[in-house]
Amino acid sequence: MNGFQQTTKHERLMMFFSPRQNRWKKRGMAIIPTKFGISFTVPFLNQAGALVHVYTDGSVLVTHGGTEMGQGLHTKMIQVASRTLGIPTSKIHISETSTNTVPNASPTAASVSADINGMAVSNACQTILKRLEPIKCANPTGSWEDWVSAAYQDCVSLSATGFYRIPDLGYDFEKNEGKAFHYFSYGVACSEVEIDCLTGDHKNLRTDIVMDVGTSLNPAIDIGQIEGAFVQGLGLFTLEELRYSPEGNLYTRGPGMYKLPAFGDIPSEFHVSLLRDCPNSKAIYSSKAVGEPPLFLSASVFYAIKDAIFSARMESGLNQPFRLDSPATPERIRNACVDVFTKLCPSAEPGTFKPWSVRA
């Protein structure tokens, strides 16, 4: 009975302080989907090379044309080589990207690096497996080390280059025809926010994301990439505003001059799920690209803020569509929540003063 009374009291307090009852605290929610085309729109960039060495002790050294920058590319390439060769990842090592091993590499960009470099690594590994095939047939019960040692003694090359190009790409912008992308990546996010109508501050309460990454090569890496892209997008849509002087000098030149996303900007409840049972036949081992595709999902926070602002404006009798520019900074949120206080501070007429900053 006491628990019921406490719960009832808590619910009454929550109802009293809920955004619907509170004039100066409002909540909003928005759902945003995304569709991202995968490939370079410049066709000749959709190629990659790889170099694979197998040593007599059974260890494998892999070099590819992609650059590791914390996105887990090297880890995925080790996994591709392990799966293709059928050996443990502990036997495979990565050599840092270098033009003296893999020349003419395409940029590590457009989220295609795992796709094209993974195919190139797999191609090199398959070349070596083809050379080992007669030896494996002669000794089907042998180990990987046995086959490699026998190949070396039979003077079989244990080094191979790999190459891959995305097929059938090309788009004619003048005729508006052709195939611009190899495939598409899909995702959706739902975000809930709470704004302070008096200060313009906002809190990211909850975000749920479902992302299509095909059959993930590494779910832990892919979920981390989705989370990272989303938080980076939070900066794009809610924090990082470019400000220029009237003379054209950029004020916001670095993190010391504008606010970056921090721990407090991460949604209090943050859930990321990978879409199940959706293999992609057009990429390495049925996977899909990840990296850039989830970034736009952060727009769900921007539109949730706008939804909350609309609720605040309703309190002032304003129910018409309104403009809210990105990023949704506290200044813009506060001024968009039209009330008796904002009416006391009308904006000066353009041309009657020299602004300290101008928009790009």
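Up top is the structure these notes are about.
This is a predicted model, so every value here is computed, not measured.

J.: When you look at the sheet that holds strand β2 (residues 47–54) in this model, what are you seeing that I'm missing?
T.: Paired through their backbone hydrogen bonds, the strands of a sheet run either parallel or antiparallel. If you trace the 4 strands from one edge of the open sheet to the other, you get β4-β3-β2-β5, paired in mixed fashion. A strand with exactly one partner marks an edge of an open sheet, and here the two such strands are β4 (92–94) and β5 (159–165). Each adjacent strand pair in this sheet contributes to an overall mean axis angle of 25°, direction not counted. Those strands touched by helix α2 (residues 73–85) are β3 (60–64) and β4, and its axis lies near 150° from that of β4. Packing of helix α3 (residues 113–138) onto the sheet brings it into contact with β2, β3 and β5, and relative to β5 it is tilted by some 140°.

J.: Help me out: how do you make sense of helix α5 (residues 219–238) in this one?
T.: Its 20 residues place the ends of α5 28 Å apart at the C-alpha level, agreeing with the 28 Å of an ideal helix rising 1.5 Å per residue. Where α5 is buried, its residues touch α2, β8 (183–196), β9 (202–211), β10 (269–274) and α6 (299–315).

J.: Honestly, the packing of α2 against α3 in this entry has me stumped. Any pointers?
T.: Packed helices, taken two at a time, are described by their axes: the angle between them and the distance between them. At a minimum axis separation of 9 Å, α2 and α3 run at an interaxial angle of 30°. Between α2 and α3, the crossing angle belongs to the class labelled roughly parallel. Relative to α3, the crossing made by α2 is right-handed. Contact residues: α2 offers Leu73, Lys76, Met77, Val80, Ala81, Thr84 and Leu85, while α3 offers Ser113, Ala114, Asn117, Gly118, Val121, Ser122, Cys125, Gln126 and Leu129. Its residues assigned to classes, the contact of α2 with α3 comprises 9 nonpolar, 6 polar and 1 charged.

What counts, and where the lines are drawn
Residues numbered from 1 in each chain as written. Predicted model: local features only at pLDDT ≥ 70, side-chain atom pairs only at ≥ 80, totals over all residues. Heavy atoms only, no water. Pairing = 2+ DSSP bridges. Helix = DSSP H or I, 4+ residues; strand = E, 2+ residues; numbered from the N terminus. Axes fitted to C-alpha atoms, helices over the stretch in contact; angles between N-to-C directions. Contact = heavy atoms within 4.5 Å. Expected span 1.5 Å × (residues − 1). Parallel < 35°, antiparallel > 145°, perpendicular 65-115°, else oblique. Left-handed = near helix turned anticlockwise from the far one by under 90°. Nonpolar A, V, L, I, M, F, W, Y, C, P; charged D, E, K, R; others polar.

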